[in-house]
Amino acid sequence: MSAANNQMSENQFLCSICLDVFTDPVTTPCGHNFCKNCITEHWKINESCQCPMCKEAFTTRPDLRVNTFISEMVAQFRQSAQQEVSSSSSSEQQVSKPGEVLCDVCTGTKLKALKSCLVCLVSYCETHLEPHLTASRLKRHQLIDPVENLEGRMCMKHDKPLELFCKTDHTCVCMLCTVLDHKTHDVVPLREEYDGKKAELRKTEDVIQQVIQKRRLKIEEIKQSVRLSKENANREIAEGVQVFTSLMKSVERGLDELIKTIEEKQKTTEQQTEVFIKELEQEISELMKRSTEVEQLSRSEDHLHFLQSFSSLKDVPTTKDWTELSVPPASYEGTVVRAVAQLEETLSKEMKKLIEAELKRVQQYAVDVTLDPDTAHPKLILSDDGKQVNHGDVRKALPDNPERFCLNPCVLGKQSFSSGRFYFEVQVKGKTEWDFGVARESVSRKGKIALGPKNGYWTTWLRNGNEYRALDNPSVSLSLRSQPQKVGVFVDYEEGLVSFYDVDAAALIYSFTGCSFTEKLFPYFSPCSNDGGKNSAPLIISVVNQTA
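Participant: How should the state of the cysteines be read in this particular structure?
Facilitator: Two cysteines, two sulfur atoms, one covalent bond between them: this is a disulfide. Scanning the model with the defined rule gives zero disulfides in all. Free of any disulfide, C410 has its nearest neighbouring cysteine sulfur in C406, separated by 9.3 Å.

Participant: Can you help me understand the packing of helix α6 (residues 190-298) against helix α7 (residues 303-313) in this one?
Facilitator: The axes of two packed helices give the description: the angle between them and the distance between them. Packing of α6 against α7 brings their axes to within 10 Å, and their N-to-C directions diverge by 155 degrees. As far as their axial angle goes, α7 and α6 are roughly antiparallel. Seen along the crossing, α6 lies across α7 with a hand that is left-handed. Here R290, E293, V294, L297 and S298 of α6 come into contact with α7, specifically with H305, F306, S309, F310, S312 and L313. For the contact of α6 with α7, the per-class residue count stands at five nonpolar, four polar and two charged.

Participant: Honestly, the sheet that holds strand β18 (residues 497-502) in this entry has me stumped. Any pointers?
Facilitator: Strand pairing in a sheet relies on backbone hydrogen bonds. The paired strands run either parallel or antiparallel. The seven strands lie next to each other as β9-β10-β21-β12-β17-β18-β19, forming an open sheet whose pairing is antiparallel. Bordering the open sheet on either side are β9 (380-382) and β19 (507-512), each of which pairs with just one other strand. Neighbour-to-neighbour, the strand axes of this sheet turn through a mean angle of 20 degrees, independent of strand direction. Relative to strand β10 (residues 388-391), β9 is paired through three bridges, and the arrangement is antiparallel. Bridge pairing links L380 to H391 in β10. Along the sheet, helix α8 (residues 335-362) makes contact with β12 (421-427), β17 (486-492), β18 and β19, crossing β18 at roughly 120 degrees.

Participant: Honestly, the pairing of strand β21 (residues 539-542) in this entry has me stumped. Any pointers?
Facilitator: Sheet faces and side chains relate simply in a regular strand, where the side chains alternate between the two faces. The alternating pattern of β21 places L539 and I541 and I540 and S542 on opposite faces, both of which are buried. One ladder, built from two bridges, connects β10 with β21; its direction is antiparallel. Bridging from a neighbouring strand, V389 pairs with L539 of β21. Sheet topology note: the β12/β21 ladder contains three bridges and is antiparallel. Bridge pairing in β21 links V426 to I541.

Quick notes on the rules
Residue indices follow the written sequence of each chain, beginning from 1 at its first position. Residues qualify for local features only when their pLDDT is at least 70, as the model is predicted, and side-chain atom pairs are given and counted only at 80 or more; totals for whole chains, interfaces and linings, by contrast, use all residues. Values shown for side chains rest on all heavy atoms present in the structure; no hydrogens or waters enter the calculation. Only a pair of cysteine sulfur atoms within 2.5 Å qualifies as a disulfide here. Axis angles are defined between N-to-C directions and span 0 to 180 degrees, where every axis is a line fitted to C-alpha atoms and, for a helix, only to the segment in contact. Note on conventions: DSSP H or I runs of at least 4 residues are helices, E runs of at least 2 residues are strands, and numbering of each starts at the N terminus. Here is the rule for angles: anything less than 35 degrees is roughly parallel, anything more than 145 is roughly antiparallel, 65 through 115 is roughly perpendicular, and the remaining ranges are oblique. In this scheme the crossing of two helices becomes right-handed for a clockwise turn of the near helix relative to the far one and left-handed for an anticlockwise turn of less than a right angle. Pairs of residues are marked as contacts when any of their non-hydrogen atoms sit within 4.5 Å. Gly is placed with the polar residues, together with every amino acid not listed as nonpolar (Ala, Val, Leu, Ile, Met, Phe, Trp, Tyr, Cys and Pro) or charged (Asp, Glu, Lys and Arg). For two strands to be treated as a pair, DSSP must find no fewer than two bridges joining them. Buried residues are those whose accessible area, probed at 1.4 Å on protein chains only, stays under 20% of the maximum for their type, while exposed residues exceed 50% and partly exposed ones sit between those limits.

Note that all results are geometric; they support no functional claim without further evidence.
Dropping the structure here:
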């Protein structure tokens, strides 16, 4: 069959409904030909029975039978097309590898599929794909990269390609579905929905990339935090090594001086006793010599010699009176105590240097704190700038809002903190009683306050002018070298640390450690009762002087 005849036959044997070569061709009374199944399904879904081509209506549905002539012609056409495909097949086809899609037409050794046809639901190698690239009727078929399970691309109900998308039911449908189950639904071509969904997917990808970028930035932030933490750790270790090395040298030097002092005292004692012993030994030597002379004279029979020598030997030689002399053991009481006291003084100087350095570091976290009048007890007097508070005798008529303390004379700061570090200073000069620190947001404000961490307070106080105490669990009595005039409060939320400093003396007053903070913290202040004017001085939130 020539190419021209082939082309002519192809155009003649296409069904106008499915646009494919006839399958069981039938002829309508008006003379048009269709696949038997195509025209039957078409009349099922249409109210009127008419020809799809010329629109001629039939009062009764025609009894259609297969047109044997056309059927035979179609069979000859299919055989001729298959021979053409076979004659043009190439022996240089690529053999498939594991995991690749195989050609469904190949017999024997299966070759690698080059394309899959969504109309034929068949995957083709290069040779068997040739008709789809040359035959005009097959060029209309949709070819895609080879895929498995082509049956999954067919409508299970109508055995038609899934070419459309129902936006109402969010499912893929075929052409027949649109006039049956999805007749009133919003249906669009797969390509249109594909483009839309692909655009959505690009947006999703953009969002994902943004989230990824944020996570990468967060990782860098965490790594930077770790690097800073490591730098701080190394700096702290280096400083610790330096301090402890200096302390150990001080201890060793103190020990050396202690040993030297004791040894010198012992040496002086030994030198003194050596002089005494030498004198005594010398006297003993002279006495022994006289004793020998007396003994010899007493044995002499020479009367003249005896009498002549008697006057010079009869008296005991003059010696030193040693009766009152005593050499008690050297006393070392207090020597070690004085050495340790000296060492303690050295340690105190080093500790002061450390606290000064630490205080400078924590002052970098200074925050601006002002008093919240909505929380103040009615007898408290707050300055206009919210920086001072003292106790008055008159109870003001204030609304009893939930935030206000009604029994204890205290007030909270306006500012709250739920992370990080912060520091503020309070002037207590002229006061005989006070307590302040930090409190969690949920503390009780209407009953009597019991200060302590278990009740949500981390505070220190002064009572009776000189009794300092940290309100820990249990409370701790504080022995301070001097009375603080200005107290600094430092909080490290994540570390669970609350520290109090004597700012002027650069001394640590007390530290609450191992605290567990789970909610907002507020600065807490109580000037206590004015005690008839003895404690009338205000608590003053001071400006932090961050010295270099």
